[in-house]
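Notes for the structure review
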Amino acid sequence: MAREYFSARRVLVTGGAGFVGSHLIDRLIERGDEVLCVDNLFTGAKANIAHLLDHPRFEFLRHDICFPLFVEVDAIFNLACPASPIHYQHDPVQTTKVSVIGSINMLGLAKRIKAPILQASTSEVYGDPTQHPQTEAYWGNVNPIGIRSCYDEGKRCAETLFFDYHRQHDLNIKVARIFNTYGPRMHPSDGRVVSNFIMQALAGDDITIYGDGSQTRSFCYVDDLVDGLMRLMDSPEGFTGPVNLGNPVEFTIRQLAETVIEMTGAKSMLVEQPLPSDDPTQRQPDISLARSQLGWEPEQNLREGLEKTISYFQRLKNG
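Now for a description of the structure that goes with this document.

Calculation rules
- Residues numbered from 1 in each chain as written.
- Predicted model: local features only at pLDDT ≥ 70, side-chain atom pairs only at ≥ 80, totals over all residues.
- Heavy atoms only, no water.
- Disulfide = S-S within 2.5 Å.
- Buried < 20%, exposed > 50% of the residue type's maximum accessible area, 1.4 Å probe, protein only.
- Helix = DSSP H or I, 4+ residues; strand = E, 2+ residues; numbered from the N terminus.
- Pairing = 2+ DSSP bridges.
- Polar contact = N/O pair within 3.5 Å; in protein donor to acceptor, adjacent residues only side chain to side chain.
- Contact = heavy atoms within 4.5 Å.

**Some details on the state of the cysteines**
Summed over the entire model, instances satisfying the criterion amount to zero disulfides. The cysteine Cys66 is free of any disulfide, with Cys81 supplying the nearest cysteine sulfur at 9.2 Å. As a non-bridged cysteine, Cys220 has Cys81 as the owner of its nearest cysteine sulfur, 19 Å distant. Judged by relative accessible area, which is 0%, Cys220 ranks as buried.

Structure representation (C-alpha cells):
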C-alpha cells in the first residue's frame, strides 16, 4: 500500500526539466515535497532545474518514459511530451509514442504503487473547435491524419487510457486540459506565438503573423497554470476532470503582436504569412468547472505576464 499523499509526499514529475514542469517543481519543493524529476531532455533543459540540483529534496533522472520506470512515489504529474508545433512535428512518431506508450508506462506505475496520477492534456484535443468557448463536454473537431495529429490525437488517446485505467482498475486519475501558457523558461525557438513575437521584437525583426492575425488565443501565465495543476492533484479522489485550465480572456494574434511591439519598444512591422494546416481559428476555455470544483481562476493579466516574460528573454538575449 502506498503512503498517504499528504503524510509523506514524494512526487514524480515527468517532463520536469521543461517549461511548465520546472515551475511546477519549484512550487512542490517550496511547499515541502520531495521531487523526482524525470526528463529525457529532448525539449527540456537542465538550465531550467540547475538551481535545484543541489537541493536535498530534489533528484533528477534522465529517462524516456517510453521505457518503463520503477520508482516509489506518492503522486505522479505526467507532463512529458513536446508541446510546441516545431518540437512535436520534428519527430511525430516519437510524439505519439510518448503520449501513448509513455502514458501506459506511467499508468502502470501508478497502478502498481497505488498513487494518484495527473495527466497534462491540452486544449489541442478540441482541434479547430466548432464550439466557442470550449467546455469539457465538447468532443472536439480534430483532423486524425494532419500534421498536428501526432500531438492532438496522441493526447486524446492518452485521455482515453487514463479514463480506462480509472474505470477498469479504479485508479485515482486527474486530467487537465491546458490552454496556451507562457512565461519565463519558454524555449526561445519553440515556435510558440508568445516566444516568437518577443524574440522577433527584441531582435528588431519584423513580426510574422499567420493569416490576417484575426485568429484568437487565450494566454495563461505559467504561475496561474501551476496553481491550477496543484489544486487539481489535491482535489477529492472522485473528481477526475477533465478540467480546462487556461485564461478565458481572449485576444487576437494581431492584438498580441501589437502589445509585444509596444511593450518592447520595437519598431517591428507585421508581416502576414499563409495559415499553417489545421491551425485553430478560435481557442478560449470555459473555466466554470475549475472555478466551481477547484476554486481556481487566473490572476495575472496579459500585460503583467508579458512584462515578466519579456524581461526573461531580454536576460537570455544579453547572456
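**Here we look at the pairing of strand 6 (residues 173-178)**
Taken across its six residues, strand 6 has six buried, putting it largely inside the fold. Burial along strand 6 is two-sided: the face carrying Ile173, Val175 and Arg177 and the face carrying Lys174, Ala176 and Ile178 are both buried. Judged from the six bridges that link them, strand 5 (residues 117-122) and strand 6 form a sheet pairing that is parallel. Across the sheet, the residue bridging to Ser121 is Arg177, located in strand 6.

**Details of the environment of His55**
Note that His55 resides in the loop between strand 2 (34-39) and strand 3 (58-62). Looking at His55, the relative accessible area reads 24%, which means it is partly exposed. Between the C-alpha atom of His55 and that of Ile145, which follows or precedes it by 90 residues, the distance is 44 Å. A polar side-chain atom of His55 sits 3.0 Å from the main-chain amide nitrogen of Arg57.

**A word on the side chain of Ser195**
The topology assignment puts Ser195 in helix 5 (residues 193-202). Since its relative accessible area comes to 0%, Ser195 is described here as buried. Reaching out from Ser195, the side chain makes a polar contact with the backbone oxygen of Arg192 at a distance of 3.1 Å. When near neighbours in sequence (up to four residues on either side) are disregarded, Ser195 contacts Met186, His187, Pro188, Asp190 and Phe313.

**Points about unusual backbone geometry**
Omega for the bond connecting His132 with Pro133 falls within 30 degrees of zero, at -10°, which places this linkage in the cis form. Following the sequence through the fold, Pro133 ends up in the loop between strand 5 and helix 4 (149-169). Along the chain, Gly241 connects to Pro242 via a cis peptide bond; the corresponding omega equals 0°. Look at Leu41: it is not a glycine, yet its phi comes out positive at around 65°.

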